[in-house]
Amino acid sequence: MVVSVIVALMLVSCTCGENPAIQVVLTDKGLQYGKHVGAGWIQEKLELVTLPDISGKVRIGILGSIGYTLTGVRITKCDFPEPSVEFNQGPTGFKTSTSGLSIAVTGGWRTHYKAIHDGGTFNMALFNVDVTSVVELGKDPDGHISVNSVSCNAQIGNLDIEFSGGASWIFQPFVDYFKGHIRGEIEYNICPTVEKYIVNAEQSLQAMNVSFEVNEDLTFDIPLTGLPVIEESSLNLGFKGEFYSIKTHQEPPFEAQPFVMPVQSGYMLSAGLSEFTVNSASYGYYSAGLLQAIINDSMIPPSSPVHLNTSSMGPFIPQLPKMFPGLLMTLQVYATEVPQVSFHSGAVKMGSMAAVKAFAIQPNSTQTPLFKLLVDSEFSSKVWIAEGKLKGSMTMDNFTLSLDSTEVGTFNTDALASMAKMGVKMALSKVNKQLTEGITLPRLKHAQLVNPVLTLEEGFIAICSDAELLEDIDFN
C-alpha cells in the first residue's frame, strides 16, 4: 500500500540496454514523503476493510471439539505508527516495516457444538502487530515498471477477545483456547492482503502506455531502457524518451549519449532530459517533410514596406522587375538539414540550415523559378524557472544568407540578408516578451511540483523539485 504511493510519486529514476534519454531520480526525501502520505492513506482505509471470515475448531478438555466462525470482521480503530521505508539494494526495490501496530475489530461469532448452535457479537484487540514487506522493482519486456512481492512477514504480539450475546458466558472462560488459532488465522491473512495491493499496483503499471501519440504527426516512446538502479539513498529510472514520425517511424542518424544525473538529496525528485529527445522530435518532423512552408504575398502585413512581388524586390535584385515585370512571387522555405539543439552549462544552442526558393507567378498561374538562397542561422538562449513559470531569453548568434543558384543572374545578397535579419529580430522580440512573462509549467495528473529549479548541463537539462500529491488521487 505504501509502495503504491511511492510509485505514484515517482511517476509525477538503470543498468541500460541503451542509453536513456530521460532519467528520473527519487531521493530518500521523496521516499519518506511517500511513506508519510501512504501512512495517512492506510490509516484512513483500514477502517473500511472487512476481513475474511475466520473459522476453525478448538478442543476444550472434556467438552471435545467446538466449531466456531468469526464473521463480518471489521476494523473500528487503528493505532497506526508511521512505517519505516527504505531503499533495498538486494533485491532492487523497497523494504517497508511497521512495528507496534494496534487494531480494534468487531464482528459476529457463531459456534456449533454437537446439536447446539449459538451466536452473538465480539470485540477483539490486536496488540504489537509487526509487518515487514520487501518489494522488488523490475522491467517487463515492453518496458513497463514492474513490482513484485519478494517477501512478507507478519506477527501479532498479543490478542484479547470478548464475546457478547448468546451463550457467550459459557465460551468466554475458554478464550485462551481460541486465541492462538485466531491469531494464527489473522497472521496468515495479513500478507495476502498486502500482496493484493502490490498486485493491484502491478496491474495499474502494466496498463500504462509506454508509447502514445503527441499529435497527428508525432508519437512518443517512453519505455524503460533497463532495470531500475537503487543506491543507498536514491532510485534511478532510465526511459527511452524518443519521438517518432507517425508517417515514417524512422530512427534518427544519431543516438542518445550517456549522461549522469547528479543526486540532489535536498529535493524529492530530479528529472533529466537529454538533447536527444528534443532532436528526435526535430528529426521526426524533418523525415516526414514537415519542416517547410510556402509564403505568399497574402501573408505579408499590408503595412510592410516590402511585398512579395517583382516590383517590390527591385531594390534588392535590380534585374528582376525588368525580366518579370509586375508579377506576384511565392517563396518555398524548407530545412536542408535536421535542426539541432544542444544543451550546455548555462545555455541552450539551436542551429538550422534552410533553403529559400523564389518563384514568379505567371498570369496563367504557372510558377517560374527565380533563385535559391541558403540560410544558416544559430541562436542561443537561457532558461530558468521562477514563480512557477518557465522563463528565458533568446539571442541570434549568426544569420548568414547566400546565393546558391539563380535563373535571373547574380546579385548581391547583403541587402536581402539585412532585411531578413531585421525580420528575425522582430520575431525574437515577440518571443522574448513571451519568455519574460513566462510559460506556466504543465500540471501533473496526480501531483504538483513545489519550488522547482532548472539547471543546464552539458548534454542535458535537469529539473529538481519537491512534490505534493493531490488530495483526489486514488491508490486503490
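No experiment lies behind these values; they were computed from the predicted model shown. (Residues numbered from 1 in each chain as written. Predicted model: local features only at pLDDT ≥ 70, side-chain atom pairs only at ≥ 80, totals over all residues. Heavy atoms only, no water.)

**Focus: the overall build of the chain**
- A tally of helices and strands in the chain yields 7 helices and 25 strands.
- Radius of gyration (C-alpha) of the chain: 34 Å, far over the 23 Å computed for a compact globule of 476 residues.
- Dimensions of the chain, computed from C-alpha atoms along their principal axes, come out at roughly 125 × 45 × 40 Å.
- Taking all 476 residues of the chain together, the buried fraction comes to 45%.
- About 24,000 Å² of surface is accessible on the chain, with carbon and sulfur atoms providing 54% of the total.
- Averaged over its 29 positive side-chain charges, the chain has a centre that lies 4 Å from the centre of its 47 negative ones. (Helix = DSSP H or I, 4+ residues; strand = E, 2+ residues; numbered from the N terminus. Rg over C-alpha atoms; globule rule 2.2 N^0.38 Å. Buried < 20%, exposed > 50% of the residue type's maximum accessible area, 1.4 Å probe, protein only. Areas by Shrake-Rupley, 256 points an atom, 1.4 Å probe, with all protein chains shown as cover. Lys, Arg positive; Asp, Glu negative; His and termini not counted. Charge placed at Lys NZ, Arg CZ, Asp CG, Glu CD.)

**Details of the UniProt feature "domain: Lipid-binding serum glycoprotein C-terminal" (unreviewed entry) in the chain**
- The UniProt feature table records "domain: Lipid-binding serum glycoprotein C-terminal" (unreviewed entry) at residues 263-465.
- Taken end to end, residues 263-465 is 20% helix and 47% strand, and its first and last C-alpha atoms sit 12 Å apart. (UniProt positions renumbered as here; feature names shortened; annotations may be inferred.)

**Focus on the state of the cysteines**
- Summed over all chains, the structure comprises 1 disulfide.
- Between the sulfur atoms of Cys 152 and its disulfide mate Cys 191 the distance is 2.1 Å. Across the S-S bond of Cys 152 and Cys 191 the torsion is about -85 degrees, and the bridge reads as left-handed. Of this pair, Cys 152 sits in strand β9 (residues 145-164) while Cys 191 sits in helix α4 (residues 175-206); the two residues are 39 residues apart in sequence, bridging distant segments of the chain.
- The thiol of Cys 78 is unpaired, and the distance to the nearest cysteine sulfur, on Cys 152, comes to 16 Å. (Disulfide = S-S within 2.5 Å.)

**As for the pairing of strand β21 (residues 367-386)**
- When strand β20 (residues 347-361) meets β21, the two strands line up antiparallel, connected through 14 bridges. Across the sheet, residue Ala 360 finds its bridge partner in β21, namely Thr 368.
- Here β20 hands over to β21 after 5 residues, with Ser 365 in that stretch at a positive phi of 75 degrees.
- Here 16 bridges tie β21 to strand β22 (residues 389-406), and the two strands are oriented antiparallel to one another. Among the inter-strand pairings, Glu 378 is bridged to a residue of β22, identified as Asn 398.
- Turn length for the β21-β22 hairpin, with the two strands adjacent in sequence and antiparallel, is 2 residues, and the turn residue Glu 387 shows positive phi of about 55 degrees. (Pairing = 2+ DSSP bridges.)

**Some words on helix α7 (residues 414-437)**
- The end-to-end C-alpha distance of α7, which contains 24 residues, comes to 35 Å, matching closely the 34 Å that a straight helix rising 1.5 Å per residue would cover.
- For α7, the full list of buried residues reads Leu 416, Ala 417, Leu 428, Asn 432 and Leu 435.
- Those residues of α7 that are buried are in contact with β21, β22 and β23 (439-440).
- The first or second residue beyond α7 is Gly 438, which carries a positive phi of 95 degrees. (Expected span 1.5 Å × (residues − 1). Contact = heavy atoms within 4.5 Å.)

**Overview of the nonpolar core**
- Leu 70, Phe 122, Met 124, Ile 161, Ile 182 and Ile 186 are the most contacted members of the largest nonpolar core, which has 61 residues in total.
- No other element matches α4, which puts 10 residues into this core.
- If you look at the next biggest cluster of nonpolar residues, it comprises 23 residues, including Leu 308, Leu 320, Leu 331 and Val 408. (Core = buried A, V, L, I, M, F, W, Y, C linked by side-chain atoms within 4.5 Å.)

**Examining the packing of aromatic side chains**
- For the coordinates displayed, the defined rule picks out 8 aromatic pairs.
- Between the aromatic rings of Phe 254 and Tyr 283, the centroid separation amounts to 6.4 Å while the plane-to-plane angle is 85 degrees, which identifies the pairing as edge-to-face. Linking Phe 254 in the loop between β15 (242-245) and β16 (269-274) with Tyr 283 in helix α5 (residues 275-287), this pair joins segments that are 29 residues apart in sequence.
- Of the residues examined, Tyr 283 reaches a relative accessible area of 11% and is grouped as buried.
- Ring centres 5.2 Å apart and planes at 70 degrees place the aromatic pair Phe 371 and Phe 411 in the edge-to-face group. In this pair, Phe 371 is assigned in strand β21 and Phe 411 in the loop between β22 and α7, connecting sequence segments 40 residues apart. Judged on exposure class, the residue Phe 371 and its partner Phe 411 are both buried.
- Here a set of aromatic residues connected by ring pairs shows up, and it is made of Phe 212, Phe 220 and Phe 243. (Phe/Tyr/Trp six-rings, centres within 6.5 Å; stacked < 30°, edge-to-face > 60°.)

**Quick notes on the sheet that holds strand β11 (residues 218-221)**
- Pairing within the open sheet is antiparallel, and its 3 strands lie in the order β10-β11-β15. Every interior strand has two partners, whereas the edge strands, β10 (211-213) and β15, have only one. Averaged over all pairs of adjacent strands, the angle between strand axes in this sheet comes to 25 degrees, irrespective of strand direction.
- Docked against the sheet, α5 engages β11 and β15, running at close to 0 degrees with respect to β15. (Axes fitted to C-alpha atoms, helices over the stretch in contact; angles between N-to-C directions.)

**Concerning the sheet that holds strand β25 (residues 460-469)**
- Reading across from one edge, β13-β14-β2-β16-β25-β24 is the order of the 6 strands in this open sheet, with antiparallel pairing throughout. Whereas interior strands pair on both sides, the edge strands pair on one side only; in this sheet they are β13 (229-231) and β24 (447-457). Averaged over all adjacent pairs, the angle separating strand axes in this sheet is 20 degrees, with direction ignored.
- The pairing of β13 with strand β14 (residues 234-239) spans 3 bridges and is antiparallel. What sits directly across from Val 229, in β14, is Asn 236.

**Structural notes on the pattern of salt bridges**
- For the coordinates displayed, the defined rule picks out 6 salt bridges.
- The partner of Lys 240 in a salt bridge is Glu 242, with the nearest N and O atoms 4.0 Å apart.
- Judged by relative accessible area, Lys 240 falls into the buried class, the value being 15%.
- Under the relative-accessibility criterion, Glu 242 is labelled buried at 3%. (Salt bridge = Lys/Arg side-chain N within 4 Å of Asp/Glu carboxyl O.)

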